[in-house]
Amino acid sequence: MREFERIDDHMVIGGLRAVDLAEEYGTPVYVTDESAVRDNYRAIYGAFSRRMPTRINYACKANTNLAILRILEQEGSCIDAVSIGEVEACMRAGFSSDRILYTGVNVSNHELAALVNRNITINIDSLSELERLAEITSGAAVSFRMNPEVGAGYHEKVVTGARSTKFGVPKDRILDAYSRAVELGFRPVGLHAHIGAGVQVIEPFTRVTDVLVSVAQELESKLGIRLDFIDIGGGIGIPYRPEEGPMDLELLAEEVTSRVINGTSARQVAVEPGRYIIADTTVLLTTVVDLKETPDKWFAGVDAGFNTLVRPAFYGSYHHVAVANKFGLPGDVAYDVVGPICESGDHLAKERSLPRLEEGDLLAVYDAGAYGFSMSSQYNMRPKCREVLVRNGSSNLIRERESIDDLLRHDRIPSRLML
Ligand code: LLP
């Protein structure tokens, strides 16, 4: 959780009062602080690159806004992309194809062909994908995503490295995959695994690095393959709750890089953070539109629901909530913060002690930069909201609010139904 400046009981983001941003852009609105994005990128790149050559592949599924991608392109980041749409967004934001590593799952032949056309290196997820890729091209550099049988994450839905998941080439087939790749004329350059998301302890990262290192050693001793990079995936957690502390990045980098340096001849380590880079850079501002006292509790009804931020409803995730125009005042009523979607699961926060609310108050939902806008939807025919970038007291609109026309643009009524 980032600390925000407070001026006269107002929350200040990037030098601007939240209420002024809400006034100018309307709510709900995602507000991202540019300096925070740059700081986070530099912190993680610095921790690893001080120890060995490092490639940060920003997992852009967390947030693909073009302005955010531009900032990271300027910082020198590379990209972890999972779809042709993400690849296209990154290329339009200025990333050259050699800075993008594609790690898809259940990838269609159509998508493989589009990737080959764009010269994107593919991190192959299965033996089937390898054979299908060989039908389209040969001679390309490839890497493999291995299922490391090391899974971790804050929720069962986001644990990806466990043996039971759909991801990666099974560990006991990984050598076969590399020898088959060589046989098919590919050039294996890397080995990858991703344990899961929102991992706040170091131990699973060291364990997965040990697995990667031992496979790299076997590749070298048994098949004579020397890899360029070992990719430990993403999943570095952040403290969403006030009582939590940040991950010790220096220790994480030390544990990982020392293993790669001592155990392999790979010249580079790759890390794929999404959340770490973008989550705490952004707040979602939402207006209290309705207050309801029921026999059981108080509901604060706001204009953002799970169409705008789905994480609380989908994963039961905690996002800290503050009242931006009563910032820092003590809480005296417990509220459930709920949105306009017609489902009782539609909540942003539960039982939060907040200063007594009035209609028109402005709430700030913290740490909304990762998997916030990117997982938002138009459910209940609600257009997606605006995104705004702030820096040193000035703001820019970085995504326009959708209109009802935008939502209806792709629907078609067959003429026979018009009679
Ligand atoms: N690399 C791979 C192969 C991944 O699948 C993911 C995330 C990442 C990197 C980045 O993980 P991060 O560093 O952001 O934790 N929607 C969920 C998170 C799902 C993550 C899926 N894969 C959420 O809102 O928490």
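Peer 1: Quick rundown of the overall build of the chain? Include the residues and the values.
Peer 2: Helices and strands together make up the secondary structure of the chain, namely twelve helices and 21 strands. In terms of C-alpha radius of gyration, the chain reaches 23 Å, essentially the compact-globule figure of 22 Å for 419 residues. For the chain, the spread of C-alpha atoms along the principal axes amounts to about 70 × 65 × 40 Å. Looking at the chain as a whole, 56% of its 419 residues are labelled buried. Across the chain, contacts joining residues at least 24 apart in sequence account for 70% of those joining residues at least 6 apart. Working note: accessible area of the chain is about 18,100 Å², and carbon and sulfur atoms make up 47% of it. Averaging the locations of the 45 positively and 59 negatively charged side chains of the chain gives two centres separated by 4 Å.

Peer 1: Talk me through the nonpolar core; I want residue IDs and the actual numbers.
Peer 2: Soluble, globular proteins show a tendency: their nonpolar side chains are buried together. Core analysis: the largest hydrophobic core is formed by 81 residues, its most contacted members being Phe48, Tyr58, Leu69, Ile79, Phe144 and Leu252. The leading source of residues in this core is helix α8 (residues 203–223), at seven residues. The residues that make up this core include at least three from each of domain 1 (5–32 + 279–408) and domain 2 (34–277). In this view, isoleucine 79 contacts Ile56, Asn57, Tyr58, Cys60, Leu69, Cys90, Phe95, Arg99, Ile100 and Leu101; residues no more than four positions away in its chain are not counted.

Peer 1: Give a detailed account of the packing of helix α5 (residues 109–117) against helix α6 (residues 127–134), specifying residues and quantitative values.
Peer 2: Two numbers describe how α5 lies on α6: the axes approach to 10 Å, and their chain directions differ by 60°. Classed by the angle they form, the pair α5 and α6 counts as oblique. Taken as a pair, α5 and α6 cross one another with a handedness that is right-handed. Contacts between α5 and α6 pair Asn109, Leu112 and Val116 from the former with Glu129, Arg132 and Leu133 from the latter.

Peer 1: I'd like to hear about the pattern of salt bridges, residue by residue, with values.
Peer 2: Proximity of charged atoms lets side chains of opposite charge pair with each other. Tallied over the entire structure, the rule returns 29 salt bridges. A salt bridge links aspartate 9 to arginine 6; its shortest N-O distance comes to 2.8 Å. In this structure aspartate 9 comes out as partly exposed when scored by relative accessible area, which is 29%. Salt-bridge contacts for arginine 207 lead to glutamate 203; the nearest nitrogen and oxygen are separated by 2.7 Å. Remark: glutamate 203 and arginine 207 occur in helix α8; sequence separation between them is four residues, near one turn of the helix. With a relative accessible area of 37%, arginine 207 lands in the partly exposed category. Through salt bridges with shared partners, one network takes in Glu34, Arg38, Arg42 and Glu75.

Peer 1: I'd love a proper account of the pairing of strand β6 (residues 78–81), names of residues and values included.
Peer 2: Residues Cys78 and Asp80 of β6 are buried on one face, and the alternating residues Ile79 and Ala81, pointing to the opposite face, are buried as well. As for the winding sense of the linkage, the β-α-β connection from strand β5 (residues 54–59) through helix α3 (residues 66–75) to β6 is right-handed. Two elements, β6 and strand β7 (residues 100–102), share three bridges in a ladder whose sense is parallel. Within β7, the residue paired with alanine 81 across the bridge is tyrosine 102. At this point the chain moves from β6, through helix α4 (residues 84–92), to the parallel β7, and the crossover so formed is right-handed.

Peer 1: I'd love a proper account of α4, names of residues and values included.
Peer 2: Every buried residue of α4 is listed here: Glu86, Val87, Ala89 and Cys90. One side of α4 holds all its buried residues, which, seen down the axis, span an arc of 165°. Taken together, the buried residues of α4 touch α3, β6, β7 and α5. In the segment just after α4, glycine 94 is the residue with positive phi, at about 110°.

Peer 1: I'd like a description of the domain arrangement of the chain, backed by residues and values.
Peer 2: Domain assignment breaks the chain into domain 1 (5–32 + 279–408) and domain 2 (34–277). Each of domain 1 and domain 2 has a C-alpha centre, and the two are 32 Å apart. Counting residues at the interface gives 23 residues for domain 1 and 23 residues for domain 2. Counting each side, the surface lost to burial between domain 1 and domain 2 is near 2,000 Å², with a carbon and sulfur contribution of 55%. Considering only the side of domain 1, the residues that lose the most area to domain 2 are Tyr315, Tyr318 and Tyr371, jointly responsible for 28% of the buried surface there.

Peer 1: Go over the site of the ligand with me, naming the residues and quoting the values.
Peer 2: The full set close to the ligand counts 20 residues, and Tyr154, Glu272, Arg311, Tyr315 and Tyr371 are the nearest of them. A distance of 2.6 Å separates an oxygen atom of the ligand from a polar side-chain atom of tyrosine 154. At a separation of 2.6 Å, an oxygen atom of the ligand approaches a polar side-chain atom of tyrosine 371. Burial of the ligand by the surrounding chains reaches 92%, relative to a free accessible area of 580 Å². Residues that form the shell around the ligand fall into these classes: nine nonpolar, five polar and six charged. Residue contributions to the shell around the ligand reach at least three from each of two domains, namely domain 1 (5–32 + 279–408) and domain 2 (34–277).

Peer 1: Describe in detail the packing of aromatic side chains, supporting the description with residues and values.
Peer 2: The final tally for this structure, using the stated rule, is eight aromatic pairs. Between tyrosine 41 and tyrosine 45 the ring centres are 5.8 Å apart and the planes differ by 10°, which places this aromatic pair in the stacked class. Pair noted here: tyrosine 41 and tyrosine 45 are both in helix α2 (residues 34–49), with a separation of four residues, about one helical turn. Looking at tyrosine 41, the relative accessible area reads 3%, which means it is buried. Exposure remark for tyrosine 45: the relative accessible area of 33% places this residue in the partly exposed category.

Peer 1: So what's going on with the sheet that holds strand β3 (residues 16–17)? Residues and values would help.
Peer 2: The strand order across the open sheet formed by three strands is β1-β2-β3, and the pairing between neighbours is antiparallel. In this open sheet, the two edge strands, each paired with only one partner strand, are β1 (5–7) and β3. Pairing geometry for β1 and strand β2 (residues 10–13), over three bridges, is antiparallel. In the strand pairing of β2, isoleucine 7 is matched with histidine 10.

What counts and what doesn't
- Residues numbered from 1 in each chain as written.
- Predicted model: local features only at pLDDT ≥ 70, side-chain atom pairs only at ≥ 80, totals over all residues.
- Heavy atoms only, no water.
- Helix = DSSP H or I, 4+ residues; strand = E, 2+ residues; numbered from the N terminus.
- Rg over C-alpha atoms; globule rule 2.2 N^0.38 Å.
- Buried < 20%, exposed > 50% of the residue type's maximum accessible area, 1.4 Å probe, protein only.
- Contact = heavy atoms within 4.5 Å.
- Areas by Shrake-Rupley, 256 points an atom, 1.4 Å probe, with all protein chains shown as cover.
- Lys, Arg positive; Asp, Glu negative; His and termini not counted.
- Charge placed at Lys NZ, Arg CZ, Asp CG, Glu CD.
- Core = buried A, V, L, I, M, F, W, Y, C linked by side-chain atoms within 4.5 Å.
- Domains from an automatic or database assignment.
- Axes fitted to C-alpha atoms, helices over the stretch in contact; angles between N-to-C directions.
- Parallel < 35°, antiparallel > 145°, perpendicular 65-115°, else oblique.
- Left-handed = near helix turned anticlockwise from the far one by under 90°.
- Salt bridge = Lys/Arg side-chain N within 4 Å of Asp/Glu carboxyl O.
- Right-handed = clockwise from strand over helix to strand, strands pointing away.
- Pairing = 2+ DSSP bridges.
- Arc of directions from axis to C-beta.
- Buried area = accessible area lost by both parts, 1.4 Å probe.
- Near = heavy atom within 4 Å.
- Polar contact = N/O pair within 3.5 Å; in protein donor to acceptor, adjacent residues only side chain to side chain.
- Nonpolar A, V, L, I, M, F, W, Y, C, P; charged D, E, K, R; others polar.
- Phe/Tyr/Trp six-rings, centres within 6.5 Å; stacked < 30°, edge-to-face > 60°.

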